[in-house]
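One-letter residues, chain by chain:
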Amino acid sequence: MANELEKRFGATGGRPATAAECFSYFPLVLDIDYLVRGGAFRPGRTTAGTITWSNSDTGATRAEIGYTANMDGARHGFLRLRYRSAGVERKEMIDFIAEPVPFGGLRWAVECPIRRSLARKLYLLPGGRRFASRLAYGLTYASRCDSVQERPMRQAQALRMRLGGGPNLDAPYPDKP
């Protein structure tokens, strides 16, 4: 049985991922670290704006979300979201909490509205009603769903893309950097 699981899921330790846990769809992701680094969310200030997600193939807009991020408090704040999901206008309020980091400074996170645990990324599934953490939705990473045969292919594609080529393994090698 264990050998069959290894063949099917490429897992030798831990629990294999189930199909329901895999990212076989494309949820919207609010990455707090990315938004703070990019200046959309600014500690010590209140900012407002719109976050837009686009289809990487066509460039068409997938979703738009209006936000107000209040990070005025020393270690607390809130994020107010306005968006449309499953044909319904939604408003959501999410708490910010700043955690101290070992070498000084603060790292901002949000409190998952479902689990009430801290997270630095929140997801909205297609047709979903609210943003929540990966654990709240029971999601895992796509790589956990790779079979033993798929894992080397994914790694080779990632390497080709880092070298400036495309993911097609049959295409000519990219030029040397």
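Once a new chain begins, its residue numbering starts again from 1 and follows that chain's sequence as written. Owing to the predicted nature of the model, reporting of local features is limited to residues with pLDDT of at least 70; listing and counting of side-chain atom pairs is limited to 80 or more, with chain, interface and lining totals taken over all residues. Side-chain measures were taken over the full set of non-hydrogen atoms in the model, leaving aside hydrogen atoms and water.

S.K.: Explanation requested: the overall build of the protein in the structure shown.
M.R.: Numbering goes from the N terminus for both helices and strands, where a helix is a DSSP run of H or I of at least four residues and a strand is a run of E of at least two. Helix and strand counts for the protein stand at four helices and eight strands. In sequence order, the secondary structure elements of the protein are arranged as α-β-α-β-β-β-β-β-β-β-α-α. By the burial criterion, 30% of the 177 residues in the protein qualify as buried. Of the contacts formed within the protein by residues at least 6 apart in sequence, a portion of 40% connects residues at least 24 apart. For the exposure calls, accessible area comes from a 1.4 Å probe over protein chains only, and a residue counts as buried if that area is under 20% of its type's maximum, exposed if over 50%, partly exposed in between. In this description, contact between two residues means that some pair of their heavy atoms is separated by no more than 4.5 Å.

S.K.: Just to check I follow, could you spell out the sheet that holds strand β5 (residues 88-100) for this structure?
M.R.: Note on sheets: strands pair through backbone hydrogen bonds, and any given pair is parallel or antiparallel. Pairing is antiparallel in the open sheet, where six strands are placed in the order β2-β3-β4-β5-β6-β7. The sheet is open, and its two borders are formed by β2 (46-54) and β7 (118-119), each paired with just one other strand. Any two strands are treated as partners once DSSP identifies two or more bridges connecting them. As defined by bridge partners, strand β4 (residues 76-85) adjoins β5 across ten bridges and the pair is classed as antiparallel. Along β5, the bridge assignment pairs Leu79 with Ile94.

S.K.: Sorry, what's going on with the pattern of salt bridges here?
M.R.: Once their charged atoms are close, side chains differing in charge can pair, the charge on each being opposite to the other. In what follows, salt bridge is the name for a side-chain nitrogen of Lys or Arg lying within 4 Å of a carboxyl oxygen of Asp or Glu. Inspection of the entire model under this criterion finds five salt bridges. Between Asp33 and Arg120 there is a salt bridge, with its nearest N and O atoms 3.2 Å apart. Of this pair, Asp33 sits in helix α2 (residues 32-37) while Arg120 is found in the loop between β7 and β8 (121-124), placing the two residues 87 residues apart along the sequence. Residue class for Arg120 comes out partly exposed when judged on its relative accessible area of 33%. Linking Glu111 and Arg116 is a salt bridge whose minimum nitrogen-to-oxygen distance equals 3.6 Å. According to the relative accessible area criterion, Glu111 is buried, its value standing at 18%.

S.K.: Would you take a moment to explain helix α4 (residues 150-162) for this structure?
M.R.: An α-helical turn contains 3.6 residues, so any two residues separated by three or four positions project in the same direction. The end-to-end C-alpha distance of α4 is 18 Å, a good match for the 18 Å that 13 residues give at a rise of 1.5 Å each. Positive backbone phi, approximately 100°, marks Gly164, located one or two places after α4. The span one expects for a helix is its residue count, reduced by one, times 1.5 Å.

S.K.: For this particular structure, what's the right way to read the side chain of Glu92?
M.R.: Relative to the elements of secondary structure, Glu92 occurs in strand β5. At a separation of 2.6 Å, a polar atom in the side chain of Glu92 contacts the side chain of Tyr83. With residues up to four places along the chain from it excluded, the contact list for Glu92 reads Leu79, Arg80, Leu81, Tyr83, Pro113, Arg130 and Phe131. Two N or O atoms form a polar contact when they lie within 3.5 Å of each other; inside protein one atom must be a possible hydrogen donor and the other a possible acceptor, and for residues adjacent in sequence the pair counts only when both atoms belong to side chains.

S.K.: Help me understand the pairing of strand β1 (residues 28-31), please; the structure alone is not making it clear to me.
M.R.: Only one face of β1 is buried: it carries Leu28 and Leu30, and the other face, with Val29 and Asp31, is open. Taken together, the four bridges between β1 and β8 define a ladder with antiparallel strand orientation. In the strand pairing of β8, Val29 is matched with Tyr123.

S.K.: Can you help me understand the nonpolar core in this one?
M.R.: Most often, soluble globular proteins have nonpolar side chains that are buried together. Here, nonpolar core refers to any group of buried Ala, Val, Leu, Ile, Met, Phe, Trp, Tyr and Cys residues whose side-chain atoms link them within 4.5 Å. Grouped together as the largest cluster of nonpolar side chains are 24 residues, with contacts concentrated most on Leu30, Phe41, Trp53, Leu79, Leu81, Phe96 and Phe131. Going through the elements one at a time, β1, α2, β2, β3 (61-70), β4, β5, β6 (106-111) and β8 are the ones with two or more residues in this core. Ignoring any residue separated from it by four or fewer positions in sequence, one finds Leu79 in contact with Leu30, Phe41, Tyr67, Thr68, Ala69, Glu92, Met93, Ile94 and Phe96.

S.K.: Is there a simple way to think about the packing of aromatic side chains in this case?
M.R.: Each aromatic ring pair is summarised here by two numbers: the centre-to-centre distance and the angle between the ring planes. The rule is short: rings of Phe, Tyr and Trp, with Trp giving its six-membered ring, pair when the centres are within 6.5 Å, and they are stacked under 30 degrees, edge-to-face over 60, tilted in between. Going through the model one piece at a time under the given rule, you end up with four aromatic pairs. Between Tyr83 and Phe131, the ring centres sit 5.5 Å apart and the planes meet at 80°, which makes this aromatic pair edge-to-face. With Tyr83 in strand β4 and Phe131 in the loop between β8 and α3 (134-137), this residue pair connects regions lying 48 residues apart in the sequence. By relative accessible area, Phe131 is classed as buried at 0%. Between Phe96 and Trp108, the ring centres sit 6.0 Å apart and the planes meet at 85°, which makes this aromatic pair edge-to-face. Placement of the pair is Phe96 in strand β5 and Trp108 in strand β6, with a sequence separation of twelve residues. Using a relative accessible area of 6% as the deciding quantity, one classes Trp108 as buried.

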